[in-house]
Amino acid sequence: MDIKDQHLNLAQWYDVIETALQDTDAEPILNLRDDGAGVYDAIFLGGGAGGRFGAAYLRAMGGRPLIVDAWPFLGGTCPHQACVPHHLFSDVAAELDLWRWFSGQLFFPDWDPGRASILEIIRLFLRGRSSAHAFMNWQTKEQLDVEYVLNARARLVDAATVEVAGRRFEARNLVLGMGARSRHPDIPGMELRGVFDFATLVEELDYEPSRCVVIGGGKTSLEYGSFFQATGCQTVIVSRSPLMRTPSLHHVDEDLRRYVVDGMRKRGVEILEGAEPVAILGSGKVERVVVRLAGGETAEIETDFVFIGTGETPNSAMARDVLGVRVGPQGEVLVDKTMRTNVPNVFAIGDLIGAPMEMFKARRCGVTAAKNIMGEAAEFDFSEYPDFLHTTYEVTWVGLSEQEARERFADVIIIQMPPYVEDLDTEHLPLPCADRTMLYAFAKPELSGFQKLVIDGESRRVVGAHHVGYGAKDAFQYLDYLIHRPEGLTIDELGNMNELFLNPEHFIQLSRLRAGRSELVNL
Ligand SMILES: Cc1cc2nc3c(=O)[nH]c(=O)nc-3n(C[C@H](O)[C@H](O)[C@H](O)COP(=O)(O)OP(=O)(O)OC[C@H]3O[C@@H](n4cnc5c(N)ncnc54)[C@H](O)[C@@H]3O)c2cc1C
Ligand SMILES: NC(=O)c1ccc[n+]([C@@H]2O[C@H](COP(=O)([O-])OP(=O)(O)OC[C@H]3O[C@@H](n4cnc5c(N)ncnc54)[C@H](OP(=O)(O)O)[C@@H]3O)[C@@H](O)[C@H]2O)c1
């Protein structure tokens, strides 16, 4: 289907994408200048977050990129199966949480678990997801002027040639952005009906689960487990490491972690830490999960639904076998800070190069590769970044945990809400509170959140910030920039900012209460 000279509107794009998703024989979608003749500056293999942003930046710099993708849309995994459904589920979880705590009070109806259907939310997502895809196809063609071939799986021929849709395309550079796929534990029973991961959940769930076992202790497990529980589907999380202590998460403060995990338990999630899955049992369909518990004994958990959140493996085999790019122990393509692999003129970006598997990293990797290809020397160091996950809350953090700060600095100051003072009875303190936690603050104060600022008392610089609540994530993007720039961010500068009361994080006003002291103390 050649759409170069067509200018489809969003509804038309929606139809093209939905038709292609339903028909495995649908033809490739071609948006090519000069029918793809000539040599491109770069072919982006994979039009996910990394490939789309990289190609758009390269085009903006005056280059000629080509994106190729197996799906009939641009944007990749995030809007199709991963981040976007997860954000919908987490939004739903937060709404349901409020309903469940306030069941039958104020204007809330009695909690009715039959009303909160996982299947219905997934169907809502499936009806809507191609709208975002349509927008990205439209924007990339009409506004960003980037050429692409979609709905066609590509094959690497050599470091300058990609074969897709029965044709060969040539480029001076290749940018590999093929992403990653779910990694499953090697245990019996994984093939049973009723075992899902984040991708198959949205593509294949066709019944309403009544009980759930989640395997894993990283972001995916916490986020999906919290959602399932919030709908009334009794959930057990089976995790080898303590929750949030898997190596892919860094700088997690222990007080924040405890607030999050205790909060999940308060909401009825059963959490088995130090536990490993042994087998999934059932005749045709999942019936039980056998687990080795922390003490070594085994237990059988009855369930009709197993959700696997045990991480992801980069899709690197073709690049390794055809081009000889070097890969690391997890299958991640090895790159330097310019996104160059060991093969000249071959770059790699996003989830393909391993953790952290996050959107900001994928997009900025793409842009970094584009700049280097266009002759602007650029490096991207993603060793430090702001981070977040959802439970029924938004959980956000940046910089050092309190413990990490104490290992690095002699005089660590903590500004925290609720404050830690023995016998203060903070269970009944309606702070912190802000938009979206006001009902909790007045009726269930211990549920209204947690926040902590970590300061090096000597330099007076903020070195870490941690937040559980709602609405603070945006601020952490800018806090990350401020605290990691060479001059840092002091408590004095923070206390001098203008807050918009009632702000989700109380860092500005709390800093102002202490900044007047020449010798800082905790608050
Ligand atoms: C459950 C879940 C929730 C998440 N939530 C968040 C979140 O809230 N925030 C966040 O920052 N990150 C989140 N992530 C991570 C985020 O989804 C990824 O980091 C991001 O999508 C990676 O983008 P990418 O471009 O590297 O890969 P992808 O988006 O996976 O793109 C890879 C593309 O390559 C294409 N491709 C692969 N092989 C071929 C081939 N041979 N031929 C043609 N095309 C090919 C695929 O079709 C795909 O479109 C989440 C991940 C998961 C699993
Ligand atoms: N921003 C977001 O909201 C978001 C959401 C989801 C995912 N992501 C990103 O996507 C990537 C994948 O996340 P993830 O949570 O799926 O994976 P992850 O962070 O790699 O965590 C995997 C979890 O599974 C466990 N595990 C791995 N193999 C196992 C096995 N064979 N048996 C039992 N347990 C096993 C790990 O235990 P151990 O700790 O013991 O190894 C760990 O608890 C990460 O980079 C993450 O940042 C981001």
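These remarks concern the structure in this document. Note that the coordinates shown come from a computational prediction; the quantities given were computed from them, not determined experimentally.

So, the site of ligand 2
Close contacts around ligand 2 come from 21 residues, with Gly217, Ser241, Thr246, Ser248 and Glu358 the closest. Backbone polar atom of Lys219 to an oxygen atom of ligand 2: 3.2 Å apart, as the coordinates give it. One nitrogen or oxygen atom from the main chain of Gly309 is found 3.5 Å from an oxygen atom belonging to ligand 2. In isolation ligand 2 exposes 910 Å². Once the protein is present, 84% of that is buried. Top element by residues in the shell around ligand 2 is helix 7 (residues 219-230). It accounts for 3 residues. Class assignment for the residues of the shell around ligand 2 results in 5 nonpolar, 11 polar and 5 charged.

Points about the pairing of strand 6 (residues 155-158)
Of the pairings in the sheet, the one linking strand 6 to strand 7 (residues 161-164) comprises 3 bridges and is antiparallel in character. Within strand 7, the position partnered with Leu156 by the bridge is Val162. Here strand 6 hands over to strand 7 after 2 residues, the two strands then running antiparallel side by side.

Some points on the site of ligand 1
Contacts to ligand 1 come from 32 residues, most closely from Asp69, Thr77, His87, Asp351 and Met359. Take Ala154: an N or O atom from its main chain is 2.9 Å from a nitrogen atom of ligand 1. Take Gly177: an N or O atom from its main chain is 3.4 Å from an oxygen atom of ligand 1. Protein burial of ligand 1: of its 1,000 Å² of free accessible surface, 92% is covered by the chains. Those elements giving two or more residues to the shell around ligand 1 turn out to be helix 2 (49-60), helix 3 (77-80), helix 4 (83-101) and helix 10 (359-373). Here the shell around ligand 1 gets 3 residues from one element, more than from any other, and that element is helix 4. Counted by class, the shell around ligand 1 contains 17 nonpolar, 10 polar and 5 charged residues.

Observations concerning unusual backbone geometry
Omega for the bond connecting Ala355 with Pro356 falls within 30 degrees of zero, at -5°, which places this linkage in the cis form. Inspection of the secondary structure assignment puts Pro356 in the loop between strand 20 (346-348) and helix 10. Cis geometry marks the peptide bond from Phe501 to Leu502; its omega dihedral reads 5°. Unusually for a residue other than glycine, Asp145 sits at a positive phi of about 60°. If you trace the backbone, Asp145 turns up in the loop between helix 5 (118-143) and strand 5 (147-150). When its relative accessible area of 33% is taken as the criterion, Asp145 is described as partly exposed. For Asn345, which is not a glycine, the phi torsion comes out positive at approximately 65°.

A look at the packing of helix 2 against helix 10
It is the contact of helix 2 with helix 10, at a shortest axis distance of 7 Å, that shows an interaxial angle of 35°. Crossing angle aside, the handedness with which helix 2 passes helix 10 is right-handed. Touching Ala49, Gly50, Phe53, Gly54, Tyr57 and Leu58 of helix 2 are Met359, Ala362, Arg363, Gly366, Val367, Ala370, Lys371 and Ile373, all from helix 10. When grouped by side-chain class, the residues that make up the contact of helix 2 with helix 10 number 9 nonpolar, 3 polar and 2 charged.

Thoughts on the pattern of salt bridges
In total, this model carries 29 salt bridges according to the counting rule given. In this structure, Arg258 engages Asp255 in a salt bridge whose closest nitrogen and oxygen atoms are separated by 3.5 Å. Placement of both Arg258 and Asp255 in helix 8 (residues 254-266) is noted, with a separation of 3 residues, approximately one turn of the helix. What makes Arg258 partly exposed here is its relative accessible area of 43%. By relative accessible area, Asp255 is classed as partly exposed at 26%. Residue Glu273 is joined to Arg257 by a salt bridge in which the shortest nitrogen-to-oxygen separation is 3.6 Å. Here the residue Glu273 occupies a position in strand 14 (residues 270-273), and Arg257 occupies one in helix 8, the gap between them amounting to 16 residues. Take Glu273: its relative accessible area is 26%, and that puts it in the partly exposed class.

Re the pairing of strand 5
On a regular strand, one side chain projects to one face of the sheet and the next to the other, so that they alternate. Neither face of strand 5 is exposed, since Glu147 and Val149 on one face and Tyr148 and Leu150 on the opposite face are all buried. When strand 4 (residues 65-68) meets strand 5, the two strands line up parallel, connected through 3 bridges. Across the sheet, residue Leu66 finds its bridge partner in strand 5, namely Glu147.

Some points on helix 8
One turn of the α-helix equals 3.6 residues, which is why residues spaced by three or four share an orientation. In this model, helix 8 (13 residues) spans 18 Å end to end at C-alpha, consistent with the 18 Å of a helix rising 1.5 Å per residue. Along helix 8, the positions that sit buried rather than exposed are Leu256, Arg257, Tyr259, Val260, Val261, Gly263 and Met264. In this structure, the buried side of helix 8 is in contact with helix 7, strand 13 (234-239), strand 14, strand 22 (394-399), strand 24 (450-456) and strand 25 (461-469). The N-cap residue of helix 8 is Asp253: its side-chain oxygen and the backbone nitrogen of Asp255 are 2.9 Å apart. After helix 8 finishes, the residue Gly268 shows a positive phi value of roughly 100°.

Regarding the packing of aromatic side chains
Counting across every chain of the model gives 21 aromatic pairs. Taking the centre distance of 5.6 Å and the plane angle of 80° together, the rings of Phe89 and Tyr224 count as edge-to-face. Note that Phe89 is positioned in helix 4 and Tyr224 in helix 7, a separation of 135 residues in sequence. An identical accessibility class is assigned to Phe89 and Tyr224; each is buried. Among the aromatic residues, those joined into a cluster by ring pairs are Phe89, Phe196, Tyr207, Tyr224, Phe227, Phe228, Phe305 and Phe307. Above the ring of Phe102, the side-chain terminus of Lys444 is found at 5.9 Å from the ring centroid. The ring of Phe388 carries Lys473 above its face, with NZ or CZ at 4.0 Å from the centroid.

Quick notes on the rules
Residues numbered from 1 in each chain as written. Chains lettered and ligands numbered in written order. Predicted model: local features only at pLDDT ≥ 70, side-chain atom pairs only at ≥ 80, totals over all residues. Heavy atoms only, no water. Near = heavy atom within 4 Å. Polar contact = N/O pair within 3.5 Å; in protein donor to acceptor, adjacent residues only side chain to side chain. Areas by Shrake-Rupley, 256 points an atom, 1.4 Å probe, with all protein chains shown as cover. Helix = DSSP H or I, 4+ residues; strand = E, 2+ residues; numbered from the N terminus. Nonpolar A, V, L, I, M, F, W, Y, C, P; charged D, E, K, R; others polar. Pairing = 2+ DSSP bridges. Buried < 20%, exposed > 50% of the residue type's maximum accessible area, 1.4 Å probe, protein only. Axes fitted to C-alpha atoms, helices over the stretch in contact; angles between N-to-C directions. Left-handed = near helix turned anticlockwise from the far one by under 90°. Contact = heavy atoms within 4.5 Å. Salt bridge = Lys/Arg side-chain N within 4 Å of Asp/Glu carboxyl O. Expected span 1.5 Å × (residues − 1). Phe/Tyr/Trp six-rings, centres within 6.5 Å; stacked < 30°, edge-to-face > 60°. Lys NZ or Arg CZ within 6 Å of the ring centre and 35° of its normal.

By themselves, these are just geometric observations and shouldn't be taken as functional.
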